[in-house]
Amino acid sequence: MLTEEIKHEIEAEAERFERKQAACIEALRIVQMHRRWVDDESVRDIASVLDMSPDEVDSVATFYNLIYRHPVGRHVIRVCASVSCWLLGYERLLDHLIQRLGIAVGETTADGRFTLLLNQCLGACDHAPALMIDQDQYQDLDVANVEAVLEHYQ
Amino acid sequence: MSERPLTANIRSNAPPLTVAEYEEAGGYQALRKALTTLAPAEVTKLIKEANLRGRGGAGFPTGVKWGFVPMGADAPRPKYLVVNADEMEPGTFKDRLLLEGDPHLMVESMILSAYAIEAEIAYIFLRGEYVLAGKRVGQAIDEARARGYLGRNILGTGYSLQIYMHMSAGRYICGEETALLNSLEGKRAIPRAKPPFPQTSGLFGKPTIVNNVETLCNVPHIVNRGVEWFKKLSRTKNGGTKLYGVSGKVKKPGVWELPMGTTAREILEEHAGGMRDGLQLRGIIPGGASTEFLFEEHLDLMMDFDTVQQAGSRLGTGTMIVLDDRTCPVGMVHNLTKFFAHESCGWCTPCREGLPWLERILKALEDGKGATGDLEEIRTHVKFLGPGLTYCPLAPGAMAPLGSALNRWRDDFEKHIRERRCPWR
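It should be emphasised that the depicted structure is a prediction, and the values quoted were computed from it without experimental measurement. (Residues numbered from 1 in each chain as written. Chains lettered and ligands numbered in written order. Predicted model: local features only at pLDDT ≥ 70, side-chain atom pairs only at ≥ 80, totals over all residues. Heavy atoms only, no water.)

## Observations regarding the overall build of chain B
Scanning chain B from N- to C-terminus turns up 18 helices and eight strands. For a compact globule of 425 residues, the expected C-alpha radius of gyration is about 22 Å, and chain B comes in at 22 Å, within 12% of that figure. Projecting the C-alpha coordinates of chain B onto the three principal axes gives extents of approximately 75 × 45 × 35 Å. Among the 425 residues that make up chain B, the fraction classed as buried is 65%. (Helix = DSSP H or I, 4+ residues; strand = E, 2+ residues; numbered from the N terminus. Rg over C-alpha atoms; globule rule 2.2 N^0.38 Å. Buried < 20%, exposed > 50% of the residue type's maximum accessible area, 1.4 Å probe, protein only.)

Printed below as a string of structure tokens:
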């Protein structure tokens, strides 16, 4: 069940478009903001608010990189994997995180603290390598300074 | 130092100008001037005469694009202006500077451009990752509304406009304008067939203009300072300034507003400080991931749309990615191809099937498992995923760096097969 709050937020977005189905992506983002990921029930609920079929909503949800259809941890680490970060050695940073967290890309730590994902270009190419944790971006990273960054996220 | 209108208000490590500070610096005067003294068609005429060309990568003349929008009382309504702020081209970080650094310039540019096509609604389609830009532009929209620059009956002129922000859920193909419109309609971002072009049938089937951030940010300055001034900013026939960027192993990577037509050598050596000590330049991708490599012999070319095209590449976004002599070119194009394979929307077969296939071949080469015939396989794919054979420009864009790398560095590719390893590791 969507809470009244979530429902109102979705309906407010829907008013900004000529057709309310256009707010589908906003709706997915809103649910995710409240619940961290989008489960099957939420897909059905969004469909019912926007007069769509659940499959239509899911076809949108599964298309976009930033919508999670699987549970994620309290914090999501997104390591930039694009070419400028590759040139500056993001793979070393990623290998370190994999070791340090004991998980592969796409997985969540057993304590639910971190999910590790790759992200396409973060637009921080002059300060590579870069990553995001939740809504925050960090630049000029290496194996040595990434540790202090992780500490902010418990 | 040459004039840099787009970034004049941007101070490093300081918050952007507030609405009052922006007004103090001459902001919103172009909007006032246009709304009170110029008809919409006259604004379009100015942009046409200035020959402002799209800074998103394609270089299409902006005024010509606007000229296709049906005008007057009989035009379908509402009409839309959409800002493409989905900066996701790898190696590109220029629009971000404008969005974070001077959000009121973005907002004024949107209102003015919307007025030129008599649009009632404008959307800014912003990368989901650009959180800070979203906050700052959102605040600028609110401040502009409170000052009467936005909303109903702007500055008492009878013109009304609403601006909404859409934070993208993330997909490279959204940068393609018709895919962007599908995404804005809440759908999967799959490109549409053209024609009809968005100018006549775009968002919700209504006349729509989609322009890049940097492109639109020129508009208030052209209205304020005039066509001749704009043309003189440039060293070439392609008018204005350009945001040029450099990333890779140079001493001072960054982004700078310079006269259009500044040479690659000046950008690399004077602004980016040259290569890091001990490294030699091997090649550059001049304008984001989807452009052909250029080489040492091209460094004195003026970086404008026409010159770069004549040299066999594209200016693209103007943000170059530098390959040095200690980095594997096969590894670099593998990274790029992996990106494009991941971001293919899956609609047309050559792109959906061809890109992952290429990615596997390149990975095998990197892993020392390349086979005789792999290079011919790549060559064949470069041909069949090329311009005109796919539904949209994504796959041809992916083939640009790959094909040019194979042409130039065939020896390096062959060495991977012969020695059954990546020689750089």
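Still more ground to cover, so stick around.
## Some points on the domain arrangement of chain B
All names here are of chain B. One can read the domain layout of chain B as domain 1 (19-232), domain 2 (241-324) and domain 3 (329-419). Computed from C-alpha atoms alone, the centre-to-centre distance between domain 1 and domain 2 is 27 Å. Listed by partner, the interface residues are 16 residues for domain 1 and 20 residues for domain 2. Linking domain 1 to domain 2 there are two salt bridges. Between Lys242 and Glu214 there is a salt bridge, and its shortest N-O distance comes to 2.9 Å. (Domains from an automatic or database assignment. Contact = heavy atoms within 4.5 Å. Salt bridge = Lys/Arg side-chain N within 4 Å of Asp/Glu carboxyl O.)

## What to know about the environment of Arg78 of chain A
By the secondary structure assignment, Arg78 of chain A is in strand β1 (residues 75-80). On the accessibility criterion, Arg78 of chain A (7% relative accessible area) is buried. In this structure, Arg78 of chain A is in contact with Leu66, Tyr68, Leu117, Asn119, Leu122, Leu131, Met132 and Asp134 of chain A together with Glu129 of chain B, ignoring residues within four places of it in sequence.

## Comments concerning the packing of helix α3 (residues 40-49) of chain A against helix α4 (residues 54-61) of chain A
Residues and elements named next belong to chain A. For the pair α3 and α4, interaxial distance at closest approach is 8 Å and the crossing angle is 115°. Of the two elements, α3 crosses α4, and the hand of that crossing is right-handed. Residue-level contacts link Val43, Arg44, Ile46 and Ala47 of α3 to Pro54, Val57 and Asp58 of α4. For the contact of α3 with α4, the per-class residue count stands at five nonpolar, no polar and two charged. (Axes fitted to C-alpha atoms, helices over the stretch in contact; angles between N-to-C directions. Left-handed = near helix turned anticlockwise from the far one by under 90°. Nonpolar A, V, L, I, M, F, W, Y, C, P; charged D, E, K, R; others polar.)

## Some points on the interface of chain B and chain A
If you look at the interface, chain B gives 53 residues, while chain A gives 39 residues. Buried surface at the junction of chain B and chain A, summed over both partners, amounts to about 3,800 Å²; 56% is from carbon and sulfur atoms. Taken together, the links from chain B to chain A amount to two salt bridges. Among the ionic pairs, Lys206 of chain B bridges to Glu18 of chain A, the shortest N-O distance being 2.9 Å. Our enumeration of links across chain B and chain A arrives at 24 residue pairs in polar contact (both at pLDDT 80 or more). If you list the elements that add at least two residues to the side of chain B that touches chain A, you get β3 (162-167), α8 (177-184), β5 (241-248), β8 (319-324) and α14 (329-343) of chain B. Per-element accounting of the side of chain B that touches chain A gives the leading share, seven residues, to α14 of chain B. Residue composition of the side of chain B that touches chain A, grouped by class: 26 nonpolar, 15 polar and 12 charged. (Buried area = accessible area lost by both parts, 1.4 Å probe. Polar contact = N/O pair within 3.5 Å; in protein donor to acceptor, adjacent residues only side chain to side chain.)

## Focus: the sheet that holds strand β2 (residues 121-126) of chain B
Residue and element names in this part refer to chain B. Pairing is parallel in the open sheet, where four strands are placed in the order β3-β2-β1-β4. Lying at the two open borders of the sheet, with one neighbouring strand each, are β3 and β4 (208-212). On average, adjacent strands in this sheet sit at an angle of 20° to one another, irrespective of strand direction. The pairing of strand β1 (residues 80-85) with β2 spans six bridges and is classified as parallel. Paired with Val83 across the bridge in β2 is Ile124. (Pairing = 2+ DSSP bridges.)

## As for the sheet that holds β5 of chain B
Residue and element names in this part refer to chain B. Strand order in the open sheet made by the four strands is β6-β5-β8-β7, with mixed pairing throughout. At either end of the open sheet lies a strand with only one pairing partner, and these are β6 (254-259) and β7 (281-285). With direction set aside, neighbouring strand axes in the sheet form an average angle of 30°. Here β5 pairs with β6 via six bridges, running antiparallel. Pairing of Lys242 across the sheet is with Leu258, part of β6.

## As for the environment of Leu155 of chain B
Residues and elements named next belong to chain B. Turning to its location among the elements, Leu155 is positioned in the loop between α7 (131-146) and β3. Taking the C-alpha atoms as reference points, Leu155 and Thr92, 63 residues apart in sequence, are found 36 Å from one another. With residues near it in sequence (within four places) discarded, Leu155 still touches Arg32, Gly148 and Tyr149.

## Points about the nonpolar core
Among the nonpolar cores identified, the biggest contains 114 residues, and Ile77 of chain A together with Ile378 and Phe413 of chain B are the most heavily contacted of them. Excluding its chain neighbours within four sequence positions, the residues that come into contact with Ile378 of chain B are Leu358, Ile361, Leu362, Leu365, Leu402, Leu406 and Phe413 of chain B. Core analysis: the second largest hydrophobic core is formed by 67 residues, Leu38, Leu126, Val137 and Ile163 of chain B among them. (Core = buried A, V, L, I, M, F, W, Y, C linked by side-chain atoms within 4.5 Å.)

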